[in-house]
Amino acid sequence: MNKAESLQVADHLELCGYQATNVLQEANLIVLNTCVVRQSAEGKVLGMLGYLKGMKSQKPDLSVLVTGCFVDSDIKQLEKRFPHVDLFFKPSDYVELFNWAEKKAIAVLENTAYTPPGRRVTASAFIPIVQGCNNFCSYCIVPYRRGGERSRPLDEIVCEVTGLVAHGTKEVILLGQNVNSYGHDLPTPSNLTELLTALNDMAGLARIRFLTNHPKDMSQQLVQTIASLDKVCRHINLPLQAGNDDVLKAMRRGYTAEQYRQLVHDIRRYIPDVALSTDVIVGFPDESDDQFKQTLTVIKEIRFDTVHVAAYSPRSGTIAARDYEDNIPPDVKKDRLNKVEEIQAKMSADINSRLTGKTVEVLVEGKKGGKWYGRTQSNKLVFFESANDCLGRLIDVTIVKTSPWALQA
Ligand code: SF4
């Protein structure tokens, strides 16, 4: 979501006459898109704000804008705390950004013959479909910073994707904090099943992805729809968070470990070749060794393709920060995190090794270290060499070497 919003910020600024630079020191305008999902992320934001303060003292005409989840409802307080920031605007509040940038842009446009481009077109495009979240998982800051769920009308999304596909986009990644609740709040209610079906019919579009799901909201109907639509990628991210029911309850996740297992069973029944990824939090308050072991058991049983693991970090204002003491020592959290990563690396290595010798289709996203890279339908990262210009193309390659994290072809 943050990547998608950064690109939208860039698009809005280009419309106002700005051009991007890769060199921070060259910039006249810096927009810091922030994440505060964990304390370490918030620490980075504060560090960067300090750095930019120094930069601005050397270059007084530099403008600094801040958006993302660091921007809470008390903007006045933020302005007092960080007077060197020219504008704080809430995530995806592009009206605020546009108003600010438009005033500045008048001067830019008067001095250049610059032609503003439209929305940038990439082979794979992020499409936010629902903003905010109604769930209030006890550890999560997102609903407080991004507000309740707001879905975009289905027609508007189809129209945006049609425009992108006409200019060369081949894959869309539909985004939401919980894409499974897409559409319920629209004047004419809709759902993800309808949206996927509408997009699947679009000529020229090759792949559809969506992130992320909530196990309590993922319906049988959706699973069957994914199975029946040829363009919907066989990759599902299904956050587990914990494998113990008491921990899940304290997290306010709304499902038990058994219900999660059953859902995975159903998904695999309808989509046997599905690749599954998940998110796990270790060291939630009061999590005992035994409770943590139950998380490991679920991970081993299910055999995910990928596990994203994070150590619990209290976020001020959340239910967990209010009701529980952060009582798992940092070294225990680290140890649990390492255990998950260790076990998962072995499983990912094993799952990926089975692809050796297989031919897979890759959507090429770019070049790194002299090699082209892209992703398979199942979201595996693949590197390969070619003298041709492969950017944005769907190419069949044969896997020759694998690791837990990437494939060589
Ligand atoms: S569903 Fe996701 S975004 Fe919403 S509160 Fe829970 S963890 Fe946060």
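Residues numbered from 1 in each chain as written. Predicted model: local features only at pLDDT ≥ 70, side-chain atom pairs only at ≥ 80, totals over all residues. Heavy atoms only, no water.

Visitor: Describe the overall build of the protein chain, and please don't skip the residues or the numbers.
Guide: Summing up its helical and strand segments, the protein chain has 13 helices and 16 strands in all. Relative to the globule expectation of 22 Å for 409 residues, the C-alpha radius of gyration of the protein chain, 22 Å, shows essentially globular dimensions. Over its C-alpha atoms, taken along the principal directions, the protein chain stretches across nearly 60 × 55 × 50 Å. Contacts in the protein chain between residues at least 24 apart in sequence constitute 72% of all its contacts with a sequence separation of at least 6. Working note: accessible area of the protein chain is about 19,400 Å², and carbon and sulfur atoms make up 52% of it. Computed over 49 positive and 49 negative side-chain charges, the inter-centroid distance for the protein chain is 4 Å. (Helix = DSSP H or I, 4+ residues; strand = E, 2+ residues; numbered from the N terminus. Rg over C-alpha atoms; globule rule 2.2 N^0.38 Å. Contact = heavy atoms within 4.5 Å. Areas by Shrake-Rupley, 256 points an atom, 1.4 Å probe, with all protein chains shown as cover. Lys, Arg positive; Asp, Glu negative; His and termini not counted. Charge placed at Lys NZ, Arg CZ, Asp CG, Glu CD.)

Visitor: Give a detailed account of the sheet that holds strand E10 (residues 306–311), specifying residues and quantitative values.
Guide: Pairing is parallel across the open sheet formed by three strands, whose spatial order is E8-E9-E10. Each of the sheet's edge strands pairs with one partner strand only, and the pair in question is strand E8 (235–237) and E10. In this sheet, neighbouring strand axes are inclined to one another by 15° on average, regardless of whether the strands run parallel or antiparallel. Relative to E10, strand E9 (residues 275–282) runs parallel, the two being bridged by six bridges. (Pairing = 2+ DSSP bridges. Axes fitted to C-alpha atoms, helices over the stretch in contact; angles between N-to-C directions.)

Visitor: Go over the pattern of salt bridges with me, naming the residues and quoting the values.
Guide: Inspection of every chain in the model, using the stated rule, returns 20 salt bridges. Across the salt bridge formed by glutamate 361 and arginine 207, the nearest N and O atoms sit 3.6 Å from each other. With glutamate 361 in strand E11 (residues 359–368) and arginine 207 in strand E7 (residues 207–211), the pair connects residues that are 154 residues apart, well separated along the chain. Relative accessible area serves as the criterion here: at 1%, arginine 207 is assigned to the buried category. Residue arginine 354 pairs with aspartate 350 through a salt bridge whose shortest N-O separation is 2.9 Å. (Salt bridge = Lys/Arg side-chain N within 4 Å of Asp/Glu carboxyl O. Buried < 20%, exposed > 50% of the residue type's maximum accessible area, 1.4 Å probe, protein only.)

Fair warning: the whole summary comes from geometry, so function is off the table for now.
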